[in-house]
Amino acid sequence: MPEPTTERLPFEFMLSPEFGRDPYTEYGRLRERGPVHAIDFPRGVTAFVVIDHEHGRQALTDPRLAKGLGHAPGFFQDAVVRGNPALARNMLNSDPPDHTRLRRLVAGAFTARRTASLAPRIQEITDRLVDTMEAAGEADLLDDFAFPLPITVICELLGVPSADRADFREWSASLITPAFTEEAARQRDAVNAAVRAYFAGLIDERRRAPRDDMISALVTARDEEGLLSEQELLATLTLLLIAGHETTVNLIGNGMLALLTHPAQLGLLRERPELLPGAIEEFLRYEGPVERATFRFATEDMEIAGVPVPKGGVVHVSLGAAGRDPAAFDDPDTLDVTRTGNHHLAFGHGIHFCLGAPLARLEARIAFETLLSRLPGIRLACPAEDVAWRLNGSLIRGLQALPVRF
Ligand code: HEM
């Protein structure tokens, strides 16, 4: 193993367009110098990016690394949660016992069994979207399919009108992008106010007239059982809505781009549809949506792979880099839909392991199955190098658009 690196990377390196287009080449270069790299954040804060699988996996369960924002340096709190209580008090930003309490309140709705019962409805939504695309002969697979599918499903589950989904898309894009400038922070504050007002209205409606949906169930848990605060209720709904937006969308988009640019793999999947569940795990490893949005905060001075991490240090595990670690995967830069034993970290690891993983896997299976069987001629409508990644410094890896023809 190389000696721990002493080099510090400038904060901007992860915001550069080159990194946005292809983080893996840069990670490969960094990997030669060690598994953990210090990044100079503004205002004297140091962040550490963990890029290998072994230490990444360990960091995700290390009890010295907390998720609670109370452990975050002030600068980071400003950039991520300023004016952001709508998001701040959710399970993903909490440690036990709050985390356990908040996760338990909604976990029952996301088990593999409960999720499986949604399959017929997911198929129905998928078929309707494919009907429209097929009739047009061409589509932006992101706008016309990958986005509306999971958002419609999560809206129905929560009890949020999916007609408002254009607003949610704008809001969630804003909420997942750290606001490092005053202007960005002001814009984000405005989005927060809008999100708070929107959910407060829906919560009020359900208080007056409960329905058979998750908002009503959470309102009951709050009002009759006192199991969560009003802010936690708001934060849980916001988290679930965002998680339903920015992740599965990009599993479908990134996975489809990977297939369309690897025709032999696409052919193999068409010939052997039983490979699909494994192929979805491979898309998650090869081009997972949650590239490095996995912040944790050191609650004491510690070391990761020999690199000193001081108390208050921000640690983010790059799940995307872990998926390309040659120590963990053979030929990590090769897309291989027949890969087995795919122990990627794309859904995280430990107590914060993705609550929606069964839902995301089910949506992806139905989406790819339907796209491949009903649109046999699907192909890119532009040269592969013109397909653009989102380059706004977001911690999520996804495309701006995916133009296709059938
Ligand atoms: C947590 C990825 C879809 C709900 C996480 C984490 C990751 C992740 C990496 C852990 C972050 C960390 O430890 O810091 C993904 C990916 C998805 C996906 C790649 C799609 C392909 C979904 C969906 C939902 C969801 C559809 C629900 C509607 C959640 C929730 C948490 C979470 C609630 C927080 C769990 C906790 O803190 O205990 N997800 N997610 N995710 N995800 Fe997902």
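Just so you know, these numbers come straight off a predicted model, no measurement behind them.

Undergrad: I keep staring at the overall build of the protein chain and nothing clicks. Help me out?
TA: If you tally the helices and strands in the protein chain, you get 19 helices and 11 strands. Computed over C-alpha atoms, the radius of gyration of the protein chain comes to 21 Å, within 12% of the 22 Å expected from 2.2 N^0.38 for 406 residues, which places it in the range of a compact globule. Residues classed as buried in the protein chain amount to 43% of the 406 residues present. If you take every contact in the protein chain between residues at least 6 apart in sequence, the share linking residues at least 24 apart comes to 74%.

Undergrad: Explain the pairing of strand β6 (residues 295-298) to me, please; I cannot follow it from the model alone.
TA: Each regular strand shows side chains that alternate between the opposite faces of the sheet. Alternating residues of β6 divide into F295 and F297 and R296 and A298, and every residue in both groups is buried. Sheet analysis places strand β4 (residues 65-66) next to β6, joined by two bridges and oriented antiparallel. Pairing of L65 across the sheet is with A298, part of β6. Pairing of β6 with strand β9 (residues 314-317) involves three bridges; the strand directions are antiparallel. Looking at the pairing, R296 lines up with V315 of β9.

Undergrad: Just checking my understanding: could you explain the confidence of the model for the protein chain for this structure?
TA: Any region with low pLDDT has predicted coordinates that should not be read closely. Of the residues in the protein chain, 95% reach a pLDDT of 70 or more, and the chain-wide mean stands at 90. Complex prediction metrics read pTM 0.94 and ipTM 0.99.

Undergrad: Would you explain the pairing of β9 in this entry?
TA: The side-chain alternation of β9 yields two buried faces, one formed by V314 and H316 and the other by V315 and V317. Note that strand β3 (residues 46-50) and β9 share four bridges and pair parallel. Along β9, the bridge assignment pairs V50 with V317.

Undergrad: Would you explain the packing of helix α17 (residues 276-287) against helix α19 (residues 357-374) in this entry?
TA: Between two packed helices, both the angle of their axes relative to each other and the distance between the axes serve to describe the pair. Across the interface, α17 lies against α19 with an axial gap of 10 Å and an inter-helix angle of 115°. If you check the angle between α17 and α19, you find them roughly perpendicular. In this structure, α17 meets α19 at a crossing whose hand is right-handed. On the side of α17, the interface is formed by L276, P277 and I280, while α19 contributes R361, A364, R365, F368 and E369.

Undergrad: Teacher, can you tell me more about the site of the ligand here?
TA: Neighbouring the ligand are 26 residues, the closest being A243, T247, G348, C354 and G356. Counting only elements with at least two residues in the shell around the ligand, the list comes to α14 (230-246), α15 (248-260) and α19. Each residue belonging to the shell around the ligand can be placed in one class, and the counts come to 17 nonpolar, eight polar and one charged.

Undergrad: Help me understand the nonpolar core, please; the structure alone is not making it clear to me.
TA: Nonpolar side chains tend toward joint burial in soluble globular proteins. V50, L158 and V315 are the most contacted members of the largest nonpolar core, which totals 102 residues. Sort the elements by how many residues they give to this core and α14 lands first, with nine residues. Once residues within four sequence positions are removed from consideration, V315 is found in contact with F48, V50, A59, L65, R296, A298, I304 and V309.

Undergrad: Help me out: how do you make sense of helix α10 (residues 148-158) in this one?
TA: Note on helix geometry: an α-helix contains 3.6 residues per turn, so any two residues three or four positions apart are oriented the same way. With nine of 11 residues buried, α10 is to be regarded as a mostly interior element. Just downstream of α10, G159 is the residue with a positive phi angle, here 95°.

Undergrad: Just to check I follow, could you spell out helix α13 (residues 214-223) for this structure?
TA: Among the residues of α13, those classed as buried are M214, I215, L218 and V219. Considered in projection along α13, the buried side chains sweep an arc of 140° and stay on one side of the axis. Those residues of α13 hidden inside the fold are in contact with α6 (98-107), α10, α12 (182-208) and α14.

Undergrad: For this particular structure, what's the right way to read the environment of L371?
TA: When you line up the elements, L371 lands in helix α19. Here L371 falls in the buried class, since 24 other C-beta atoms lie within 10 Å of it. Expressed as a C-alpha distance, the spacing of L371 and D127, which sit 244 residues apart in the sequence, is 9.1 Å.

Criteria and thresholds
Residues numbered from 1 in each chain as written. Predicted model: local features only at pLDDT ≥ 70, side-chain atom pairs only at ≥ 80, totals over all residues. Helix = DSSP H or I, 4+ residues; strand = E, 2+ residues; numbered from the N terminus. Rg over C-alpha atoms; globule rule 2.2 N^0.38 Å. Buried ≥ 20, exposed ≤ 12 C-beta atoms within 10 Å, placed from the backbone. Contact = placed C-beta atoms within 7 Å. Pairing = 2+ DSSP bridges. pLDDT = per-residue confidence, 0-100. Axes fitted to C-alpha atoms, helices over the stretch in contact; angles between N-to-C directions. Parallel < 35°, antiparallel > 145°, perpendicular 65-115°, else oblique. Left-handed = near helix turned anticlockwise from the far one by under 90°. Near = placed C-beta within 6 Å. Nonpolar A, V, L, I, M, F, W, Y, C, P; charged D, E, K, R; others polar. Core = buried A, V, L, I, M, F, W, Y, C linked by C-beta atoms within 7 Å. Arc of directions from axis to C-beta.

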